[in-house]
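Chain by chain, the residues:
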Number of protein chains: 2
Amino acid sequence: MNIEREQVIAAARGDIPMDLVIRGANLVNVFTAEIYQADVGVKDGRYSAIATYKNNEPSFHMTGEKEVNAKGKYIMPGFIDAHVHIESTLVTPDMFASEVIRHGTTTAVIDPHEMANVLGVEGVTYMIEASQGLPVQILTTIPSSVPAVPGLEYSGAEFYAEDIAELFKLPGVVGIAELMDFPGVIKQSTRMSEIVQTGLTHNMLNEGHAPRVSGRDLQAYLAAGVNSDHESRSKEEVLEKLRAGMMVYIRESSASQFAHVVAEAWQEMPYAINIAMCTDDVEPNDMFHNGQMNRVVRRTIEEGVPAALAIRFATLGGAMRYGLRDQGAIAPGYLADFLLVDSLETMKVNDVYIKGEHTVKDNKVIKEITSPIKPLLKNTVHILELTEKDFFINAPIDSGQATLTTIEFTDIGTTVQGEVLLDIENGVVANLPEDFAYVTVINRHGRYQKPFIGVVKNAGIKDGAYATTMAHDSHNLVVVGKKPADMLIAANKLKACGGGLCLAQHGEVLAYVELPIAGLMSPEPISSLAKKVEAFNKCAIELGVSVGKRSPAMAFSSIALTVIPDIRMSDLGLVDVVKQELIPLFKSTIK
Amino acid sequence: MNIEREQVIAAARGDIPMDLVIRGANLVNVFTAEIYQADVGVKDGRYSAIATYKNNEPSFHMTGEKEVNAKGKYIMPGFIDAHVHIESTLVTPDMFASEVIRHGTTTAVIDPHEMANVLGVEGVTYMIEASQGLPVQILTTIPSSVPAVPGLEYSGAEFYAEDIAELFKLPGVVGIAELMDFPGVIKQSTRMSEIVQTGLTHNMLNEGHAPRVSGRDLQAYLAAGVNSDHESRSKEEVLEKLRAGMMVYIRESSASQFAHVVAEAWQEMPYAINIAMCTDDVEPNDMFHNGQMNRVVRRTIEEGVPAALAIRFATLGGAMRYGLRDQGAIAPGYLADFLLVDSLETMKVNDVYIKGEHTVKDNKVIKEITSPIKPLLKNTVHILELTEKDFFINAPIDSGQATLTTIEFTDIGTTVQGEVLLDIENGVVANLPEDFAYVTVINRHGRYQKPFIGVVKNAGIKDGAYATTMAHDSHNLVVVGKKPADMLIAANKLKACGGGLCLAQHGEVLAYVELPIAGLMSPEPISSLAKKVEAFNKCAIELGVSVGKRSPAMAFSSIALTVIPDIRMSDLGLVDVVKQELIPLFKSTIK
């Protein structure tokens, strides 16, 4: 019989040398929440033995083929990101891995929700296959909400319980991804009940998404067997969820930073056990400059959680959630995925070792990370042949005035419903006021319909047009613009290149970011993509785009997100999110 | 599709009534380590919703088909005993369940080590089959050390890796039981290495047993993948094990009470996460009078651990260890196994509900607990036809004197090696001094050999004989006595009834406890068996038996335990435990 750990045990005994000994670092023990000096011996990819110090001497002496003096540094387990969408980084799994590893993430539990909405089973399969064999371990939860809101929009696919059961067979699948349709779970829609049941039947985790869900609703959601969440926005929400037995993930994404609410809750229940960490959505330029999981850890510590506990949440927390029995801690027999960090304040990751192999040095990847799976380059922008005329708003009268329902952006980026009286000339809306722009969401998943055009207020855009195929959750083609001619150019550019972001002005393409994989991702590294996004953002700001101040590249990525109040647009028209129904554009006309 | 939790969710929403509502008890929340007032709603065997109180009112109102006013009581999850030998209770699994449930245990992870040593695969299979379908959930770890010390003794079976792999297929098997041969694991004997590898290959837990294992040895044991332990005897031992990533079980058995050492360690590392609880071995009369898991909890609280954390260790601790995702806590969606307790000081269990069914009321089982599996009644006492002469010690000389090696009991019940000069007459040892007795360990597993007779000092027995088939770990027939004639009578009584405990004096049986299942267990309830054991103990004390003061029924159950220093006896003769070798009885003779 092959004894896998033969050498690991022999090295622990001291009969043979270690492959690697890290000497004298401050070890973050996530089991006991202590930090103390130790030598760490690694053999055959696993920790073999750890010798703690007493009176400046290790309790036993290890020799290694390689030895690293790490005095003054901190050694801690690699981070486990409990919930992340690779697509938000706009790159493929190997490029994602190449970047997140620099920020300490050695395991990521992904939800390929965007790929699922565009390419269905093919998209999810690609993401899983392209995630195998990377130094960052990628586990997958199968998207549960494809499309997010059936009936109000068309995406590229529909997932039912049987599709999800089929996808469970792929490698590294650990659960069903965030069940965003919490009303469907709580009120027991057939589709959601069957999906959750499928998770239970297959002994998979049912991951949750329950913003502001409370009281009986929260109890019902948990009773169904959905018992994690990363959407808490207040201390009270965290306290209620932890008490109810929910696994709470501390989340710091590009758009949502809520480490402080979990830290505040922790002050009230310091022995709370069900806490892990995630990044959810991090944009490429944000990640490149500001980090990823290391940022969540740093923020949690800043908010008053002891470092060893914050690091526990970032490591063992995820390992416990996902039943990773030999991961998430530095202990003999565990996989030797670890980090060396100079300072717990900055949490800048100097070195990363994956199964004992030095993979990141001085914050740079020293072994190229690639996948043998080719990027899924296949144009998914399936739209009609368009003309400039298609971007005007056809009115029910030939001339006069009409009152239109509008989407209005507030100062904090949310939307409210408004109305505006506009002139009608030659059967179309004319003379759009300065703070208004045209907006459309064009189905790009092969329905080949004429676009529905509406008006949006306070988007900031002063001229030209802005188009994107990154538009949650169905990722149809969103075009916002002042000039129909430029809107056509921007849309056609994305149709030709297979999707991405595009700005057009004066009849020309001004800037663009190609995302040829499903209109969502680029095969480039994050470093170069981040530069392109920054250049795009600069142009967008020059055009006046004021929505999405943090990153104009994401300005209109949620305008089609028909689950976020008050009003959004889908490929079928204007959506009253609160009532969950389509509403007419024209309220009244004056001939 | 059948949605299992349809009603559970509907009741949480409030659309239908609960089956059961427990109102106003103090809920022990093991996730947050808090205790607060709440109403608990149960539907279809699971918790459906929990309403916490604010200003003396629940946050929402539930109605139930049954409602229980539990104000002033504590409601907590049923206990999970992380490691227990049913055989030590001397009863069958159903009778075990009938008793432990009164002490709050609703899940037990058993190690049928004694049955394995007597009856091998058949014994383990019986234990597993007889454990199915009881209100107490019984999970099984497969015995790893059968026999405990190959070469120095013969038991009824031998387990190798392939036997263990075969037994993994039985229902409710979660791991390999305590790997007592830790030197074999650390030094990598072929047998132990293969057994541990088999556990890893089958994704089973490798349960540990590592008394005083420390330093490099401890690291090697963990590196092998064996990572739990219930044998710590000092605070320092617990600290080292927790730091090394071991799961530490707080143990209070009949013979070993060590809650205080874990409690002391907890004071130094209050955030330690890897702690569970177990009872290991509890004798029937001890359990009947003093409790079982509730005693461990009570003792842990007495030693200064906050009650909510002690109860976490007793519940969620085991659930986390064994991956029981919907057990070990009171939370919506979890199985409704819970206790009502009047006082956290006494930890006397008033009521037990199993999947919402009232099973123990006022500390009495109100639904008979039985198994359809018949007790395995099969005489396993396979020994030669014996005569009185077989119990004398044959000397290598016909007359004179001889110096014999002796087993000497110390005041604290351990053994040391001694010697004694004895008269030889007619070829046998004669005139045994007052503080000496004859002792033998007769193979009862079909080897049909003549008994090897030695001498033991300070056993206390003044007359007659004492015989038992409960003799760890091989459970051969141990007979200790002053009179060969009575030794024969006691041995023959156990041969006839299939094993148990027997006292004989003046040529007659004085007292006995029949254990006809493998010579280890009785089909009786613990309550009646406890009385028999107490009557037996009374007689044994009258005969002078002074070893095993706590329970003379166990006086000689470890005299054949060839892993405990300094000197023991096996069916093959005297064993020097330290050297792990057989040694001669006769040191010298004087004609």
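Please refer to the structure placed before this passage.
The structure presented is a predicted model; accordingly, all values stated were derived computationally and were not measured.

Caption draft 1: Structural context of the overall build of chain A. The helix and strand tally for chain A stands at 15 helices and 31 strands. Taken over the C-alpha trace, chain A has a radius of gyration of 26 Å; the compact-globule value for 591 residues is 25 Å, and the two agree within 12%. If one aligns the C-alpha atoms of chain A with their principal axes, the spans along those axes are about 95 × 50 × 45 Å. By residue count, 67% of the 591 residues in chain A fall in the buried class. Look at the contacts in chain A between residues 6 or more apart in sequence, and 67% of them connect residues 24 or more apart. Summed over all atoms, the accessible surface of chain A reaches about 19,900 Å², with 49% contributed by carbon and sulfur.

Caption draft 2: Up close: the state of the cysteines. Residue and element names in this part refer to chain A. Evaluated as defined, the whole model comprises zero disulfides over all chains. Cys 497 carries a free sulfur, and the closest cysteine sulfur to it, the one in Cys 502, is 7.5 Å from it. Judged by relative accessible area, Cys 497 falls into the buried class, the value being 14%. Judged by relative accessible area, which is 0%, Cys 502 ranks as buried.

Caption draft 3: Spatial organisation of the relation of the copies chain A and chain B. For these two chains of identical sequence, chain A goes onto chain B by a turn of 180° and a shift of 0.0 Å along the axis, with RMSD 0.1 Å. The transformation relating the two chain copies, once decomposed into turn and shift, fits a two-fold axis. A share of 100% of the interface residues of chain A reappears at the interface of chain B, consistent with the copies meeting face to face through the same patch.

Caption draft 4: Seen up close, the pattern of salt bridges. Within the structure shown, the criterion is met by 58 salt bridges over all chains. Among the ionic pairs, Arg 243 of chain A bridges to Glu 34 of chain B, the shortest N-O distance being 2.8 Å. You can see Arg 243 of chain A sitting in helix H8 (residues 235-243) and its partner Glu 34 of chain B sitting in strand S2 (residues 34-43), one on each of two chains. With a relative accessible area of 25%, Arg 243 of chain A lands in the partly exposed category. A salt bridge links Lys 367 of chain A to Glu 357 of chain A, with the shortest nitrogen-to-oxygen separation between them at 3.0 Å. Here Lys 367 of chain A, found in the loop between strand S18 (364-365) and strand S19 (400-409), pairs with Glu 357 of chain A, found in strand S17 (residues 357-361); they are ten residues apart in sequence, far enough to count as distant. For Glu 357 of chain A, a relative accessible area of 43% gives the class partly exposed. The network of salt bridges with common partners includes Glu 252, Arg 298, Arg 299, Glu 302 and Glu 303 of chain A.

Caption draft 5: A look at the nonpolar core. Grouped together as the largest cluster of nonpolar side chains are 323 residues, with contacts concentrated most on Phe 556 of chain A together with Phe 556 of chain B. In this structure Phe 556 of chain A touches Phe 409, Ala 459, Tyr 466, Thr 468, Val 478, Val 480, Val 545 and Val 547 of chain A, once residues within four positions along its chain are discounted. Formed by 42 residues, the second largest nonpolar core is a distinct cluster that contains Ile 128, Ile 142, Ala 161 and Ala 224 of chain A.

Caption draft 6: Layout of the environment of Thr 414 of chain B. Residue and element names in this part refer to chain B. Tracing the chain through its elements places Thr 414 in the loop between strand S19 (400-409) and strand S20 (415-425). Relative accessible area serves as the criterion here: at 32%, Thr 414 is assigned to the partly exposed category. Ignoring sequence-local partners within four residues, the contact set of Thr 414 consists of Glu 408, Phe 409 and Arg 568. One polar contact links Thr 414 to Thr 410, side chain to side chain, over a distance of 2.7 Å.

Caption draft 7: Structural detail: the sheet that holds strand S30 (residues 581-583) of chain B. All names here are of chain B. The strand order S28-S29-S30 describes an open sheet built from three strands, whose pairing is antiparallel. With partners counted over all chains shown, the strands left at the sheet margins are strand S28 (567-570) and S30, one partner each. For this sheet, the mean angle separating the axes of adjacent strands, direction not counted, is 45°. Both strand S29 (residues 573-576) and S30 contribute to a ladder of three bridges, which runs antiparallel. Paired with Val 575 across the two strands is Leu 582, which belongs to S30.

Caption draft 8: A look at helix H3 (residues 113-129) of chain A. Residue and element names in this part refer to chain A. Taking 1.5 Å per residue as the helical rise, H3 with its 17 residues ought to reach 24 Å, whereas the 15 Å between its terminal C-alpha atoms falls clearly short. Of all the bends in H3, the greatest, near 140°, is centred on Leu 119. Burial analysis of H3 places 14 of its 17 residues in the buried class, the great majority of the element.

Caption draft 9: Spatial organisation of the sheet that holds strand S12 (residues 228-229) of chain A. All names here are of chain A. If you walk across this open sheet you meet the three strands as S12-S13-S14, and the pairing is parallel. Each having just a single partner strand, S12 and strand S14 (275-278) make up the two edges of the open sheet. Relative to strand S13 (residues 247-251), S12 runs parallel, the two being bridged by two bridges. Looking at S13, one finds that Ser 228 is bridged to Met 247.

Caption draft 10: Geometry of the side chain of Glu 283 of chain A. Within the secondary structure, Glu 283 of chain A sits in the loop between S14 and helix H10 (284-290). Residues within four places of Glu 283 of chain A in sequence aside, it is in contact with Ser 88, Ser 254, Arg 550, Ser 551 and Met 554 of chain A.

Caption draft 11: Inspection of the interface of chain A and chain B at higher detail. Listed as interface residues are 67 residues of chain A and, on the opposing side, 67 residues of chain B. Buried area between chain A and chain B, summed over both chains or domains, comes out near 5,400 Å², and the portion from carbon and sulfur atoms is 56%. It is Arg 216, Tyr 271 and Arg 325 of chain A that lose the most area in chain A upon contact with chain B, and together they represent 15% of the buried surface on that side. Where chain A packs against chain B, one counts two salt bridges. Linking chain A with chain B are 28 residue pairs in polar contact (both at pLDDT 80 or more). Per-element tally for the side of chain A that touches chain B: the top contributor is helix H1 (residues 6-13) of chain A, with seven residues. Here the side of chain A that touches chain B is built from residues that sort into 37 nonpolar, 18 polar and twelve charged.

Caption draft 12: The packing of helix H11 (residues 293-302) of chain B against helix H12 (residues 307-314) of chain B, seen in detail. All names here are of chain B. Closest axis-to-axis distance for the H11/H12 pair is 9 Å, and the angle between their directions is 145°. Our pair here, H11 against H12, has a crossing hand that is right-handed. Only Ala 307, Ala 310, Ile 311 and Ala 314 of H12 make contact with H11, whose side of the interface consists of Met 293, Val 297, Thr 300 and Ile 301.

Caption draft 13: Summary view of unusual backbone geometry. Residues and elements named next belong to chain A. Here the residue pair Pro 565 and Asp 566 is connected by a cis peptide bond, since its omega of 0° sits within 30 degrees of zero. Of note, the phi angle at Asn 363 is positive, near 65°, even though the residue is not glycine. Mapped onto the elements, Asn 363 comes out in the loop between S17 and S18. Judged by relative accessible area, which is 11%, Asn 363 ranks as buried.

What counts and what doesn't
Residues numbered from 1 in each chain as written. Chains lettered and ligands numbered in written order. Predicted model: local features only at pLDDT ≥ 70, side-chain atom pairs only at ≥ 80, totals over all residues. Heavy atoms only, no water. Helix = DSSP H or I, 4+ residues; strand = E, 2+ residues; numbered from the N terminus. Rg over C-alpha atoms; globule rule 2.2 N^0.38 Å. Buried < 20%, exposed > 50% of the residue type's maximum accessible area, 1.4 Å probe, protein only. Contact = heavy atoms within 4.5 Å. Areas by Shrake-Rupley, 256 points an atom, 1.4 Å probe, with all protein chains shown as cover. Disulfide = S-S within 2.5 Å. Least-squares fit on C-alpha atoms with pLDDT ≥ 70 in both. Salt bridge = Lys/Arg side-chain N within 4 Å of Asp/Glu carboxyl O. Core = buried A, V, L, I, M, F, W, Y, C linked by side-chain atoms within 4.5 Å. Polar contact = N/O pair within 3.5 Å; in protein donor to acceptor, adjacent residues only side chain to side chain. Pairing = 2+ DSSP bridges. Axes fitted to C-alpha atoms, helices over the stretch in contact; angles between N-to-C directions. Expected span 1.5 Å × (residues − 1). Bend = angle between axes of the 7 residues up to and from the residue. Buried area = accessible area lost by both parts, 1.4 Å probe. Nonpolar A, V, L, I, M, F, W, Y, C, P; charged D, E, K, R; others polar. Left-handed = near helix turned anticlockwise from the far one by under 90°.

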